[in-house]
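# Structure at a glance
Residues per chain, in single letters:
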Amino acid sequence: MEKDNNIHLVKKVSKELGMTYKELGEAIGYSEGTLRRAVSKNTLSIPLKKALELYLEIEKLKESKKKIEKTKELISTLLKEI
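Description of the structure in this document. (Residues numbered from 1 in each chain as written. Predicted model: local features only at pLDDT ≥ 70, side-chain atom pairs only at ≥ 80, totals over all residues. Heavy atoms only, no water.)

## Focus on the pattern of salt bridges
- Applying the stated criterion across every chain, the model contains 6 salt bridges.
- One salt bridge connects E16 with K60, and the closest N-O pair in it is separated by 3.5 Å. Taken together, the residues E16 in helix α1 (residues 9–17) and K60 in helix α4 (residues 46–81) connect sequence positions 44 residues apart.
- The class for K60 is partly exposed, based on a relative accessible area of 44%.
- Each of K12, E16 and K60 takes part in a single network of salt bridges with overlapping partners. (Salt bridge = Lys/Arg side-chain N within 4 Å of Asp/Glu carboxyl O. Helix = DSSP H or I, 4+ residues; strand = E, 2+ residues; numbered from the N terminus. Buried < 20%, exposed > 50% of the residue type's maximum accessible area, 1.4 Å probe, protein only.)

See below:
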């Protein structure tokens, strides 16, 4: 288990994605209680840390993909008007 002296990764991911611990836990396969214990004890298992990091990365990639799709649509619309 790793000790984290900065903002806890569970809190960071939860806040960044606007999710409750319950919602976040369901998304990454952990219980709300496990996430709460990790925060209260200021510890993080390596598998939990990896799950959080990967989930956050996936969500950021999904958001990037949405932006790319919107840009493609705008370019397509502009090209049709030319």
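After that view, the rundown keeps rolling.
## Let's talk about the environment of L54
- By secondary structure assignment, the location of L54 is in helix α4.
- Separated by 14 residues in the primary sequence, L54 and I68 place their C-alpha atoms 21 Å from one another.

## Some points on unusual backbone geometry
- Positive phi, normally seen in glycine, also occurs at N42, with a value near 55°.
- Its location among the elements puts N42 in the loop between α3 (32–40) and β2 (43–44).

## Side note on the nonpolar core
- Among the nonpolar cores identified, the biggest contains 16 residues, and V10, L24, I28, L35, L44, L48 and L52 are the most heavily contacted of them.
- Elements represented by at least two residues in this core include exactly α1, α2 (21–28), α3 and α4.
- If one sorts the elements of this core by residue count, α4 sits on top with 5 residues. (Core = buried A, V, L, I, M, F, W, Y, C linked by side-chain atoms within 4.5 Å.)

## So, α4
- A rise of 1.5 Å per residue sets the reference length of α4, with its 36 residues, at 52 Å; its end C-alpha atoms lie 53 Å apart and thus fit the reference within 8%.
- Taken together, the buried positions of α4 are L48, A51, L52, Y55 and L56.
- If you follow the buried residues of α4, they end up packed against α1, α2, α3 and β2.
- Its side-chain oxygen 3.2 Å from the backbone nitrogen of L48, S45 forms the N-cap of α4. (Expected span 1.5 Å × (residues − 1). Contact = heavy atoms within 4.5 Å. Polar contact = N/O pair within 3.5 Å; in protein donor to acceptor, adjacent residues only side chain to side chain.)

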